[in-house]
Amino acid sequence: MACYSHEVRTTIDLPDALLDNAKRCARERGITLSVLLQDALRHQLTRMDAFPETAFRLPTVRGRSVSPKVDMDRTSSLIVLDDELNFGRLE
């Protein structure tokens, strides 16, 4: 568990509505705004540690998944092919 031995003052920018809501929440709980923000930050950091991001995996396919008529260097050709499959070829 992390131990915080001293406090540091810092300035952050918050939207007015968020600050007003935070102040109201702190007042309703009977705590200071600083304590509310510390608790919220600890909670968020704990959540992030509990659910580490998984690496993005791009599925790949073997075989004849792409028509030889498609130029993979021109992505617009994919759109044309998709339109032709869905709506028919324009003449």
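A quick note: this is a predicted structure, and the numbers were derived from the prediction, not measured.

Regarding its fold elements, the protein chain presents three helices and zero strands. The helix and strand sequence of the protein chain, counted from the amino end, reads α-α-α. Out of the 91 residues in the protein chain, the part that is buried amounts to 5%. Of the roughly 9,500 Å² of accessible surface on the protein chain, 55% is carried by carbon and sulfur atoms.

As a further point, take helix H3 (residues 75-87). Side chains three or four residues apart in an α-helix point the same way, a direct result of the helix having 3.6 residues per turn. In this model H3 runs 19 Å from its N-terminal to its C-terminal C-alpha over 13 residues, within 8% of the 18 Å that 1.5 Å per residue would give. Phi turns positive, to about 90°, at Gly88, one or two residues after H3.

What follows deals with the confidence of the model for the protein chain. Averaged over every residue, the pLDDT of the protein chain is 81; the share at 70 or more is 80%. Between the elements of the protein chain, mean pLDDT differs from a low of 80, seen in H3, to a high of 95, seen in helix H1 (residues 16-29).

Let us look at H1. Here H1 contains 14 residues, and its C-alpha end-to-end distance of 20 Å stays within 8% of the 20 Å for a straight helix at 1.5 Å per residue. Just downstream of H1 lies Gly30, where phi reads positive at about 75°.

A few words now on the pattern of salt bridges. Where side chains of opposite charge bring their charged atoms close, a pairing between them can arise. Per the counting criterion, the structure on display carries one salt bridge. Its salt-bridge partner being Asp39, residue Arg42 comes within 3.7 Å of it at the nearest N-O pair. Here Asp39 and Arg42 lie together in helix H2 (residues 33-50), a separation of three residues that amounts to about one turn. On the basis of relative accessibility, which here comes to 39%, the residue Arg42 falls in the partly exposed class.

The grouping of Ile12, Leu14, Leu18 and Leu37 at the surface amounts to a nonpolar patch, some 340 Å² of accessible area in total. Mapped onto the fold, Leu18 is located in helix H1.

Analysis parameters
- Residues numbered from 1 in each chain as written.
- Predicted model: local features only at pLDDT ≥ 70, side-chain atom pairs only at ≥ 80, totals over all residues.
- Heavy atoms only, no water.
- Helix = DSSP H or I, 4+ residues; strand = E, 2+ residues; numbered from the N terminus.
- Buried < 20%, exposed > 50% of the residue type's maximum accessible area, 1.4 Å probe, protein only.
- Areas by Shrake-Rupley, 256 points an atom, 1.4 Å probe, with all protein chains shown as cover.
- Expected span 1.5 Å × (residues − 1).
- pLDDT = per-residue confidence, 0-100.
- Salt bridge = Lys/Arg side-chain N within 4 Å of Asp/Glu carboxyl O.
- Patch = residues over 30% accessible without salt bridge, like charges linked within 9 Å, V, L, I, M, F, W, Y side chains within 5 Å.

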